[in-house]
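Survey of secondary and tertiary structure
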Amino acid sequence: MSRSIKSKLFISITALLAFFVIILCVLNSFYLQQYYVEKKKNILIKNAKELTNIYKGNPQEIIDELDRRAKITGSTIDIRDSNGKILFTSSRRLPNENNITENNSKSNNVPSPIDFNPNNEKFKKRIEEIYKEGEYTFETRRDVQLKIDLLTLVTKLSNGDILSIKVPLISIKESVNIANRFIIITGIVIIILGSIWAYWFSKKFTKPILEVNNIATNMAKFDFTEECKINGEDELESIVINVNGKEKELKINGMFISIGQIPQNEFVKTLIDLNEG
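Here the residue numbering is sequential within each chain, running from 1 through the sequence in written order. Only residues with pLDDT of 70 or above have their local features reported here, since the model is predicted, and side-chain atom pairs are shown and tallied only from 80 upward, although totals for entire chains, interfaces and linings are computed over all residues. To obtain the side-chain values, all non-hydrogen atoms of the structure were used and water was disregarded.

Here, a salt bridge means any side-chain nitrogen of Lys or Arg that lies within 4 Å of a carboxyl oxygen of Asp or Glu. Summed over the entire model, instances satisfying the criterion amount to eight salt bridges. The shortest N-O distance in the salt bridge between D78 and K166 comes to 2.3 Å. Here D78, found in strand β1 (residues 76-80), pairs with K166, found in strand β6 (residues 162-168); they are 88 residues apart in sequence, far enough to count as distant. Here R141 makes a salt bridge to E139, at a shortest N to O gap of 2.9 Å. When salt bridges with common partners are traced through the structure, they connect E50, E65, R68 and R69 into a single cluster. A run of H or I in DSSP counts as a helix once it spans at least four residues, and a run of E counts as a strand once it spans at least two, with each numbered from the N terminus.

Attention shifts here to the nonpolar core. In this structure, L66, I77, I79, L163 and I165 are the most contacted members of the largest nonpolar core, which totals 19 residues. The set of elements that each furnish at least two residues to this core consists of α1 (2-54), α2 (63-73), β1, β5 (148-156), β6 and α5 (169-220). A per-element tally of this core places α1 first, with four residues. Once you skip the residues sitting within four places of it in the chain, I77 turns out to touch L51, L66, R69, A70, F88, T89, S90, L163, S164 and I165. We define the nonpolar core as a collection of buried residues of types Ala, Val, Leu, Ile, Met, Phe, Trp, Tyr and Cys that are connected through side-chain atoms lying within 4.5 Å of one another. Three exposure classes are used, based on accessible area relative to the maximum for each residue type with a 1.4 Å probe and protein chains only: buried under 20%, partly exposed in between, and exposed over 50%. By definition, residues are in contact when any of their heavy atoms lie within 4.5 Å.

With that out of the way, let us pick up the pairing of strand β4 (residues 137-143). Taken across its seven residues, β4 has five buried, putting it largely inside the fold. Any two strands with at least two DSSP bridges between them are considered paired. As paired elements, β4 and β5 share seven bridges and run antiparallel to each other. What sits directly across from T137, in β5, is V154. Taken together, β4 and the strand that follows it, β5, pair antiparallel across an intervening segment of four residues, in which K147 is found at a positive phi of about 60°.

Spelled out as structure tokens, the structure:
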């Protein structure tokens, strides 16, 4: 019985720890990337607002701030005029991208790059209808040369220029993978340490129960030589008090039963000792 109580308690605590670690890993696998993307969007919007406030139509006046923002956010910042001409880019090469959101394609047959020609109807529609001042449009673009997907924020500036801030989605996915690996390693450590604690706790928790059980077993055999010595302020203390009282009572009753077998003066002495104890 003692082995069963201890093992059940140990297994239950360890299983509970493992359950929560597994649930955490599953939730991270399904939702952590979405969380990262939403947080990254908020960061891009914040930086876009601050750049919009200081932009006066000439990127060269705030070129240091544009480069600083690009470094801080790990992004590439482009500014085009309403005719699609590049006014500024934080990249060392001109962008060559297509819009995955628009083409709804991630196949190897990559759609044509975005045509920023003002005579292009799609570009004109974006400039006039989709990109609006004070509003932030998110697109998924693909760098044609590097073949990587980009989370792109696009907004229209006060003078009609177009600001785009682009972050590689692969960096977000890599951050999620690193976080997941860290959580798995941490979870394993927690399970190991939790198992050690569960073993110690189950052993300590069942020890007074086993002691009471042993006393009760000895009492059934009319062996009253041992007494429970458990200190505490919980239900176990009440049990110990009751067991010790019952043991004393059974000891006296046992002596009455066998009174003819012992000298009377020894029986009286035993009673006095019991009362004093």
